Protein chains: 2
Amino acid sequence: MAETARRRRSGGGAARRAARTTTQVETAATILRNIPDFDLLNDEALEIIEANAETVLAEVGVAFVENPAALARWRDAGADVQGETVRLPRGLARKLCSSAPKSFTQIARNPDRAVEIGGRNLVLAPVYGPPFVRDGGGRRYATMADFETFVKLGHMSPWLHHSGGTVCEPTDIPVNKRHFDMLMAHMTLTDKPFMGSVTEPSRARDSVEMCEILFGGLKDRTAMVSLININSPLTFDSIMMGALETYATANQACIISPFIVGGAMAPVSVAGTLTQVLAEVMAGVAYSQLVRPGAPVIFGAFVTSIDMNSGAPTFGTPEAAQITYGAGQLARRLGLPYRSGGAFCGSKLPDAQAAYESANSLNAGLLAGVNFMLHACGWLEGGLVADFEKFVMDADQLGILHKMAQGVAVTDESQALDAIREVGPGGHYLGCAHTQTHYENAFWRSGLLDYKPFETWAEEGARDTRALASAKVEAMLAAYEAPALDPAIRDELRDYVVRRKSEMPDAHI
Amino acid sequence: MAETARRRRSGGGAARRAARTTTQVETAATILRNIPDFDLLNDEALEIIEANAETVLAEVGVAFVENPAALARWRDAGADVQGETVRLPRGLARKLCSSAPKSFTQIARNPDRAVEIGGRNLVLAPVYGPPFVRDGGGRRYATMADFETFVKLGHMSPWLHHSGGTVCEPTDIPVNKRHFDMLMAHMTLTDKPFMGSVTEPSRARDSVEMCEILFGGLKDRTAMVSLININSPLTFDSIMMGALETYATANQACIISPFIVGGAMAPVSVAGTLTQVLAEVMAGVAYSQLVRPGAPVIFGAFVTSIDMNSGAPTFGTPEAAQITYGAGQLARRLGLPYRSGGAFCGSKLPDAQAAYESANSLNAGLLAGVNFMLHACGWLEGGLVADFEKFVMDADQLGILHKMAQGVAVTDESQALDAIREVGPGGHYLGCAHTQTHYENAFWRSGLLDYKPFETWAEEGARDTRALASAKVEAMLAAYEAPALDPAIRDELRDYVVRRKSEMPDAHI
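Each value, and the rule that gives it
Residues numbered from 1 in each chain as written. Chains lettered and ligands numbered in written order. Predicted model: local features only at pLDDT ≥ 70, side-chain atom pairs only at ≥ 80, totals over all residues. Heavy atoms only, no water. Least-squares fit on C-alpha atoms with pLDDT ≥ 70 in both. Contact = heavy atoms within 4.5 Å. Patch = residues over 30% accessible without salt bridge, like charges linked within 9 Å, V, L, I, M, F, W, Y side chains within 5 Å. Areas by Shrake-Rupley, 256 points an atom, 1.4 Å probe, with all protein chains shown as cover. Salt bridge = Lys/Arg side-chain N within 4 Å of Asp/Glu carboxyl O. Lys, Arg positive; Asp, Glu negative; His and termini not counted. Charge placed at Lys NZ, Arg CZ, Asp CG, Glu CD. Helix = DSSP H or I, 4+ residues; strand = E, 2+ residues; numbered from the N terminus. Core = buried A, V, L, I, M, F, W, Y, C linked by side-chain atoms within 4.5 Å. Buried < 20%, exposed > 50% of the residue type's maximum accessible area, 1.4 Å probe, protein only. 1 Å grid on protein atoms, 1.4 Å probe; cavity = no way out; pocket = protein on both sides within 12 Å on 5 of 7 lines; lining within 4 Å. Points joined across faces, edges and corners; volume = space filled by probe spheres on them. Nonpolar A, V, L, I, M, F, W, Y, C, P; charged D, E, K, R; others polar. Buried area = accessible area lost by both parts, 1.4 Å probe. Axes fitted to C-alpha atoms, helices over the stretch in contact; angles between N-to-C directions. Parallel < 35°, antiparallel > 145°, perpendicular 65-115°, else oblique. Left-handed = near helix turned anticlockwise from the far one by under 90°. Pairing = 2+ DSSP bridges. Phe/Tyr/Trp six-rings, centres within 6.5 Å; stacked < 30°, edge-to-face > 60°. Lys NZ or Arg CZ within 6 Å of the ring centre and 35° of its normal. Polar contact = N/O pair within 3.5 Å; in protein donor to acceptor, adjacent residues only side chain to side chain. Domains from an automatic or database assignment.

Enquirer: How should I be thinking about the relation of the copies chain A and chain B in this particular structure?
Expert: Rotating chain A by 180 degrees and moving it 0.0 Å along the rotation axis overlays it on chain B with an RMSD of 0.0 Å. This pairing of chains is accounted for by a two-fold axis. Nearest to the rotation axis, the C-alpha of A:A352 is located 2.1 Å from it, this being the minimum over chain A. Residue by residue, 100% of the interface of chain A is reproduced at the interface of chain B, so both copies engage with the same surface.

Structure below.
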């Protein structure tokens, strides 16, 4: 059979290979799921968790630290505020959450790359936050040059809808200034949507002002999705809340996301962790709606578990998948877009461990009904490292999510009864009319992985996935072209950044 | 937090580490799924596929090649037989299938290791069929010594329920004699259940006779599950059918399994492939029931797709997952145990590609409701290679399937409300009572993967997953002990093999 297949393709093989190796600068449309969600928990379990989350909010409460304005808002809304602890009467948080939109549009400077977040959509964004990068040469502190390289790779990745935020920490730029350079990279090196800064309320304001320039005024349009982590358990610090307040006021979207290593920041059980996640997200989303009713927000769940032997966070585990599925169900019942999943792994190298763990996480994320998947590519070593090779390895796998989400077509044509009749017992389908018509697009095909005959593969150096990925990184960067941007806008952005940087001292790195 | 965790465990850490590194010879109980299946296709789509499969059986038919007895059986059952083509009136195949059991027990010489196949059970078995093996030294033809090594590794793998069959082809033994040696290995080196030979009807008879010795007579108990591949499309050859007839007559179980590379042996579409799979399995199962009503059988689906560029089969693809899900739904509607899934990959090395592809396949297999998962560990390079390192890598991942299948407990204890109350906002759970009680078993923990601090990992040689797996292979083999077997039975088996081998000439290898 393989021989037959090889003979067959000799006709148009070269043309097809050329077509496949043409630089891909197109990005696939947002994933619209045409498949069911995997509902791991039954209704009874979900109702218990929801009731428990209300109990936590009413009895234990949440802390809004160093934030008198937030405490005042809560008091006005009917919460019981004692010191910095806010206790919410049963039902209050859920009621406040109901003004948040079920779905919203994030604009991009290329209108075709605007994304709808919520409903049946899945938007894929790259890794966020690592202080280190890794390439073939090993692990080192990330620089702004690395950051720009990741933005370029993201721009060139056809299955990635979103340029993300802090794809790595540019540690060669002072902490108080690096958000300018990161935003400039996202605004000029790609035309995909991106995220804003959250490390200081003032930096959130800078992010909004730069978007005003880029988009010629925002007029309440949502141009950024930003990551607001909850300081689990049950604590909302003033820096993150300050950024949230800035963004919500400007109708910019926030992911309200517990950051949980189960066993440390949440109970050691899945049901207990889900209870806490729900309580925290409801409190955070409710607060966003106190700041501005109708502000776009996302139900976030970043949850992993702790290795009780080493204290390290672990990824791709069954407990993480269970929480990803369960939190998705809770988010849908709450009527909010859902952020979870990602190419998570604990491995120090882009090896088999990294791939097992990442694939486990990506598969769970797809079937859990995730709407916004941060860390969908490039994540390594528990998020300490952004890895160039793994970025393209994961980004290639994201094509599988796209294809899976389409579901199975059962049309007259795809039923292929005529093909089965034509071929009959003992024949083969390689040359039949149905195959001829559909072979080009019938099957998803990796743009990275090895499908070559053993001998060819051996002659070419018996390369493993890392070596293939390393070559692909080089090829993508060689083919990269920056998308056109109005020079006047670029100049205005530059002037803004130069002026703002000049107003502030260099902070310690 | 990590620091705290490290400090905390210093007390009992050594004891716990010792407990974890004790040789595991226990095998986990069969997986009993306490989670829903993922039903990818809706009822309407399934009904269309079922109707089309009936159309295929009625209009196109199936070929039973060089098997006059089979044609006679079909004629007697009411089929339209023309030459070797058998056309089944609509409904006949499904009606005949109804006498097959929904679930059956496969005995093992260790009664605790008997497995129930069907219902909500998932039984995991290793790779089957590769002519090559690979270890750190590269790829080479498999030998009987390799075969025995794999059986030992399988015996030592706690998440593997089944010893499998042709874990690799012992190419140093003549083709007509190697089944004796393979069966001896499964019967003496492990006490887990195993598979019989299918490469000749006489070898199936030998397999039954050896089981009669091992089990002191079978008395209609099912001691083997054997793999009967359909020669897709729609063709049943006399060798495989001869083995099926032998096994069914002796009440031994058969997996009736289309062997399909989509685009070559089936239409290039998922719906068309599912139609053909269902038609083929129904014809094969129906035939088994003509041989012996009530004979145990399994609905098999080995389906991959072709890479239209190289002609190679591909694995871990979205289309393979879609077929795995869909075929599971069809099997349940037919009321038969389901075999599919496995740690499939196309990669030549146990690298990231192998792991992505394998994890995609394993996850789909779990959620598709597979009852018998062949190739659950060790598969490499499209099934051409059984890989020692990947065997233990995959076998470790199987622990995730066990844990996932348990579902989420929502008991008073797992809800952990008291823990959330105890810790409160801003605390941590590492020392709380609930964590102390449950940390040991709360989270699945890999017995292979790296969770160490970066510095420790670097000091120990910065090993990747292959290197860790290679060390684990050595450790498992060093700790291996053969399970006790009555010497009289062992002698009787040996005498049988010596006698039978002496009766036959050496065949060409």
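There is more to say, and it comes next.
Enquirer: Quick question: what am I supposed to make of a negative patch on the surface here?
Expert: Where like charges cluster on the molecular surface, the negative patch consists of A:D486, A:D491, A:E492 and A:D495. Relative to the helices and strands, A:D495 is located in helix α19 (residues 487-502).

Enquirer: In this structure, what is going on with the nonpolar core? I would like to understand it.
Expert: Here is a general trend for soluble globular proteins: nonpolar side chains tend to be buried in one another's company. Formed by 344 residues in total, the largest nonpolar core has its most connected members in A:F299 and B:F299. Those residues within four positions of A:F299 in sequence are excluded, and the remaining contacts are A:I256, A:V277, A:L278, A:V281, A:A327, A:L330, A:A331, A:L334, A:L336, A:P337, A:Y338 and A:R339.

Enquirer: Can you help me understand empty space enclosed by the protein in this one?
Expert: The method is simple in principle: a probe with the dimensions of a water molecule rolls over the atoms, and the space it marks as empty is what remains. This model, assessed by the stated rule, comprises six cavities of 30 Å³ or more. Roughly 470 Å³ of internal volume is contained in the largest cavity. Residue lining of the largest cavity: 47 residues in total, with A:N360, A:N363, A:A364, B:N363 and B:A364 positioned closest to the centre. Looking at the lining of the largest cavity, the elements that each hand over two or more residues are β14 (302-306), α11 (318-334), α12 (352-367) and α13 (388-405) of chain A together with β14 (302-306), α11 (318-334), α12 (352-367) and α13 (388-405) of chain B. Counted by class, the lining of the largest cavity contains 28 nonpolar, 19 polar and no charged residues. Roughly 50 Å³ of internal volume is contained in the second largest cavity. A:A359, A:L362, A:N363, A:Q397, A:I400, A:L401, B:Y356 and B:N360 together form the lining of the second largest cavity. For the lining of the second largest cavity, the secondary-structure elements that each account for two or more residues are α12 and α13 of chain A together with α12 of chain B.

Enquirer: I keep staring at the pattern of salt bridges and nothing clicks. Help me out?
Expert: Oppositely charged side chains may form a pair once their charged atoms are brought near each other. In total, this model carries 50 salt bridges over all chains according to the counting rule given. The shortest N-O distance in the salt bridge between A:D39 and A:R332 comes to 3.1 Å. Of this pair, A:D39 sits in the loop between β1 (31-32) and α3 (43-60) while A:R332 is found in helix α11, placing the two residues 293 residues apart along the sequence. Put simply, B:E169 and B:R178 hold a salt bridge, and the shortest N to O gap is 2.6 Å. Exposure remark for B:R178: the relative accessible area of 9% places this residue in the buried category. Three or more residues are tied together by salt bridges with common partners; here these are A:D37, A:D39, A:R120 and A:R332.

Enquirer: How do you make sense of helix α7 (residues 178-188) of chain B when you look at a structure like this?
Expert: Two residues of an α-helix separated by three or four positions point the same way, owing to the 3.6 residues in each turn. All names here are of chain B. When you tally the buried positions in α7, you get 11 out of 11 residues, the bulk of the element. Every buried residue of α7 is listed here: R178, H179, F180, D181, M182, L183, M184, A185, H186, M187 and T188. Buried residues along α7 sit against α6 (144-156), α8 (201-214) and α19 (487-502).

Enquirer: Is there a simple way to think about the interface of chain A and chain B in this case?
Expert: Frequently, the measure chosen for interface size is the accessible area removed from exposure when the parts meet. In this assembly, 117 residues from chain A lie in contact with 117 residues from chain B. Together chain A and chain B conceal approximately 10100 Å² of surface at their shared face, both sides included; 67% is due to carbon and sulfur atoms. Among the residues chain A hides against chain B, the three largest losses belong to A:N309, A:Y356 and A:F443. Together they make up 8% of the total. Joining chain A to chain B, the criterion identifies eight salt bridges. Residue A:R421 pairs with B:E59 through a salt bridge whose shortest N-O separation is 3.0 Å.

Enquirer: Even after reading the chapter, I still don't get the packing of α7(B) against α8(B), so can you show me in this structure?
Expert: The packing of two helices is summarised by the inter-axis angle and the distance between the axes. Residues and elements named next belong to chain B. In the contact formed by α7 and α8, the axes pass within 10 Å of each other and the chain directions differ by 30 degrees. The orientation of α7 relative to α8 falls into the category roughly parallel. Here α7 and α8 pass one another in a crossing that is right-handed. Seen from α7, the contacting residues are H179, F180, L183, M184 and M187; seen from α8, they are R203, D206, S207, M210, C211 and L214. Its residues placed into classes, the contact of α7 with α8 shows seven nonpolar, two polar and two charged.

Enquirer: I tried to follow the sheet that holds strand β18 (residues 379-380) of chain A on my own but got confused; where do I start?
Expert: Two pairing modes exist for strands in a sheet, parallel and antiparallel, and in both the strands are linked by backbone hydrogen bonds. Residue and element names in this part refer to chain A. As summarised here, the arrangement of the four strands in space is β9-β8-β19-β18, forming an open sheet in which the pairing is mixed. Single-partner strands in this sheet number two, and they are β9 (138-141) and β18. Where strand β8 (residues 132-135) and β9 come together, four bridges link them in antiparallel fashion. Within β9, the residue paired with R134 across the bridge is R139.

Enquirer: Would you explain the pairing of strand β8 (residues 132-135) of chain B in this entry?
Expert: Successive residues of a regular strand alternate their side chains across the two faces of the sheet. Residues and elements named next belong to chain B. Counting the residues in the hairpin turn of β8 and strand β9 (residues 138-141) gives two residues. Where β8 meets strand β19 (residues 385-387), three bridges bridge the pair, whose relative direction is parallel. In the strand pairing of β19, R134 is matched with D387.

Enquirer: Looking at this structure, I do not really get the sheet that holds β8(B). What am I missing?
Expert: All names here are of chain B. Taken together, the four strands give an open sheet; going across it, the order is β9-β8-β19-β18, and neighbouring strands pair in mixed fashion. What marks the edges here is a single partner per strand, and that holds for β9 and β18 (379-380). Packing against the sheet, α13 makes contact with β8, β9, β18 and β19, and its axis sits at approximately 65 degrees to β19.

Enquirer: For this particular structure, what's the right way to read the packing of aromatic side chains?
Expert: Pairs of aromatic rings are described using the distance from one ring centre to the other and the angle between the two planes. Per the stated rule, a full pass over the model turns up 37 aromatic pairs over all chains. Among the aromatic residues, those joined into a cluster by ring pairs are A:F259, A:F302, A:F315, A:F344 and A:W379. Across the ring face of B:F454, the terminal group of A:R139 is positioned such that the distance to the ring centre comes to 3.6 Å.

Enquirer: So what exactly am I meant to see when it comes to the side chain of A:H161 here?
Expert: Residues and elements named next belong to chain A. Here H161 is to be found in the loop between α6 (144-156) and α7 (178-188). Its relative accessible area of 3% is what places H161 among the buried residues. One polar contact links the side chain of H161 to the main-chain carbonyl oxygen of A29, over a distance of 3.2 Å. Of note is the side chain of H161, whose polar atom sits 2.9 Å from the backbone nitrogen of L124. Excluding residues that lie within four positions of it along the chain, H161 makes contacts with T27, A28, A29, T30, I31, V115, L122, V123, L124, K192, P193 and H402.

Enquirer: Would you mind showing me how to read the domain arrangement of chain A here?
Expert: Residue and element names in this part refer to chain A. Looking at chain A, the domain boundaries give domain 1 (2-22 + 484-502) and domain 2 (97-402). When each unit is reduced to the centre of its C-alpha atoms, the spacing between domain 1 and domain 2 is 24 Å. Contacts between the two partners involve 11 residues from domain 1 and, on the opposite side, 12 residues from domain 2. Between domain 1 and domain 2 the total buried area reaches about 1200 Å² when both faces are included, carbon and sulfur atoms providing 69% of it.

Enquirer: Sorry, what's going on with unusual backbone geometry here?
Expert: Glycine aside, residues mostly have negative phi angles, and peptide bonds mostly take the trans form. Residue and element names in this part refer to chain A. Cis geometry is adopted by the peptide bond preceding P233, which originates at S232 and carries an omega value of 5 degrees. Its identity as a non-glycine residue notwithstanding, K219 has a phi of 50 degrees, on the positive side. By the element assignment, K219 lies in the loop between α8 (201-214) and β10 (225-230). The backbone phi angle of E381 is positive, close to 50 degrees, even though this residue is not glycine. Looking at E381, the relative accessible area reads 7%, which means it is buried.

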